[in-house]
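Structural description and commentary
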Amino acid sequence: MDYRVEEKYICTEGELQILAGRLSSIMKEDGHHEEGKRYQIRSLYFDDFDDSCLAETIDGANDRKKFRIRIYGGHTDRIALEVKYKLNGMTKKDACLLTEEQCRELMAGRRLPFQKSSPKVLRMLYLAMTTDRLLPVTIVQYERTAYISNIGNVRITFDRNISASADIRHFLEPGIRLMPVMEKGKHVLEVKYDEVLPDYIAQALETGRHQQTPFSKYKECRIALEAYRTGEMR
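Bear in mind the structure is a predicted one, so any value in this text is a computation, not a measurement.

So, how was this worked out
Residues numbered from 1 in each chain as written. Predicted model: local features only at pLDDT ≥ 70, side-chain atom pairs only at ≥ 80, totals over all residues. Heavy atoms only, no water. Helix = DSSP H or I, 4+ residues; strand = E, 2+ residues; numbered from the N terminus. Rg over C-alpha atoms; globule rule 2.2 N^0.38 Å. Areas by Shrake-Rupley, 256 points an atom, 1.4 Å probe, with all protein chains shown as cover. Lys, Arg positive; Asp, Glu negative; His and termini not counted. Charge placed at Lys NZ, Arg CZ, Asp CG, Glu CD. Phe/Tyr/Trp six-rings, centres within 6.5 Å; stacked < 30°, edge-to-face > 60°. Lys NZ or Arg CZ within 6 Å of the ring centre and 35° of its normal. Buried < 20%, exposed > 50% of the residue type's maximum accessible area, 1.4 Å probe, protein only. Arc of directions from axis to C-beta. Core = buried A, V, L, I, M, F, W, Y, C linked by side-chain atoms within 4.5 Å. Contact = heavy atoms within 4.5 Å. Axes fitted to C-alpha atoms, helices over the stretch in contact; angles between N-to-C directions. Parallel < 35°, antiparallel > 145°, perpendicular 65-115°, else oblique. Left-handed = near helix turned anticlockwise from the far one by under 90°. Nonpolar A, V, L, I, M, F, W, Y, C, P; charged D, E, K, R; others polar. Salt bridge = Lys/Arg side-chain N within 4 Å of Asp/Glu carboxyl O. pLDDT = per-residue confidence, 0-100.

A word on the overall build of the protein chain. Summing up its helical and strand segments, the protein chain has six helices and 10 strands in all. At 18 Å, the protein chain has a C-alpha radius of gyration in line with the 17 Å of a compact globule built from 234 residues. Accessible surface, the protein chain: about 12700 Å² in total, of which carbon and sulfur atoms supply 48%. The positive charge centre, built from 38 side chains, and the negative charge centre, built from 36, are 1 Å apart in the protein chain.

Another aspect to go through is the packing of aromatic side chains. If you walk through the whole model with that rule in mind, you get four aromatic pairs. Measuring from centroid to centroid gives 5.2 Å for Phe 114 and Tyr 126, while their planes differ by 50°, and the two rings are tilted. Of the two residues, Phe 114 sits in the loop between α3 (100-107) and α4 (120-131) while Tyr 126 sits in helix α4, which places them 12 residues apart along the sequence. Its guanidinium or amino end placed over the ring of Tyr 85, Lys 92 lies 5.3 Å from that ring's centre, counting from NZ or CZ. Sitting above the plane of the Tyr 142 ring, Lys 217 keeps its charged end 4.7 Å from the centroid.

This part takes up helix α2 (residues 52-59). Cys 53, Leu 54 and Thr 57 are the residues of α2 that are buried. Summarising the axial view, the buried residues of α2 lie within an arc of 100°, below the 170-degree limit, and thus occupy one face. Just downstream of α2, Gly 60 is the residue with a positive phi angle, here 70°.

Below, the discussion takes up the nonpolar core. Residues Ile 69, Leu 98 and Phe 171 are the most contacted members of the largest nonpolar core, which totals 26 residues. Broken down by secondary-structure element, the contributors of at least two residues to this core are β3 (39-47), β4 (63-72), β5 (79-87), β6 (90-98), α3 and α4. Considering every element that reaches this core, the biggest residue donor is α4, with five residues. Once residues lying within four places of it in the same chain are set aside, the contact partners of Phe 171 are Arg 42, Ser 43, Leu 44, Ile 69, Ile 71, Cys 103, Met 107 and Ile 139.

Here α2 crosses helix α6 (residues 217-229) at 115°, and the two axes come no closer than 10 Å. The orientation of α2 with respect to α6, classified from their angle, is roughly perpendicular. Every pair of crossing elements has a handedness; the one defined by α2 and α6 is left-handed. Only Tyr 218, Lys 219 and Arg 222 of α6 make contact with α2, whose side of the interface consists of Cys 53, Leu 54, Thr 57 and Ile 58. When grouped by side-chain class, the residues that make up the contact of α2 with α6 number four nonpolar, one polar and two charged.

This brings us to the environment of Gly 36. Turning to its location among the elements, Gly 36 is positioned in the loop between β2 (28-29) and β3. By relative accessible area, Gly 36 is classed as exposed at 56%.

A word on the pattern of salt bridges. Applying the stated criterion to the full structure yields 23 salt bridges. A salt bridge links Asp 47 to Arg 222; the shortest N-O distance between them is 3.6 Å. Taken together, the residues Asp 47 in strand β3 and Arg 222 in helix α6 connect sequence positions 175 residues apart. The same class applies to Asp 47 and to Arg 222, which are both buried. The partner of Lys 217 in a salt bridge is Glu 190, with the nearest N and O atoms 2.6 Å apart. Taken together, the positions of Lys 217 in helix α6 and Glu 190 in strand β10 (residues 186-193) put the pair 27 residues apart, joining distant regions of the chain. According to the relative accessible area criterion, Lys 217 is buried, its value standing at 8%.

Our next topic: the environment of Asp 132. Looking at the element boundaries, Asp 132 is found in the loop between α4 and β7 (135-149). Expressed as a C-alpha distance, the spacing of Asp 132 and Asp 50, which sit 82 residues apart in the sequence, is 9.3 Å.

Turning our eyes to something else, we now look at the confidence of the model for the protein chain. On average, the protein chain scores 93 in pLDDT, and the residues at 70 or more come to 98%. Here β2 is the element of the protein chain with the lowest mean pLDDT, 92, and α3 is the one with the highest, 98.

In structure tokens:
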């Protein structure tokens, strides 16, 4: 997959409702939507002992990547290992599927056996866990509403109720204790497309209020959990 544009904005629930009314008539809804036209995403992020991924995100490093394990709806029937790259403000993602047994090994910080026949992402993670001592550090969870269009390969997502947990051992359990990381009523709008955003979609997204932000769910969750740990909640 080639690199894509990824733009992020902080929105209120009211603004998302307005955008939903506009987008539903010009884009398709994601087929994974469940009750309330949303689906749950839960990710387990990795970092090294020096928190290099966190530092690179805070500093806005031009060339960086993150490893994460992702499940949907709290179910274990589809577990994906992903590596997300960012370069010059553009993003791309590679992924492979994991078994539940493989996932539990990685949750415990144990490397999976290296095999040349393994998917590229799995081999990359093995190398990172070996040389950089990469370990799972944070759970990020939120509810997503998504709209898609084949023209421009556009994907618009509303990410609500972004929350964090440091209790990695419960990552695969249906319900886990979570801590909200955003101001009440604030959510994230993400706009992803290949090269050019079609005019009719850009016009539908225009509210006159949105300002682009380098918002990172991983960063915000790490910062919120550390503030809670040290008693310095914002």
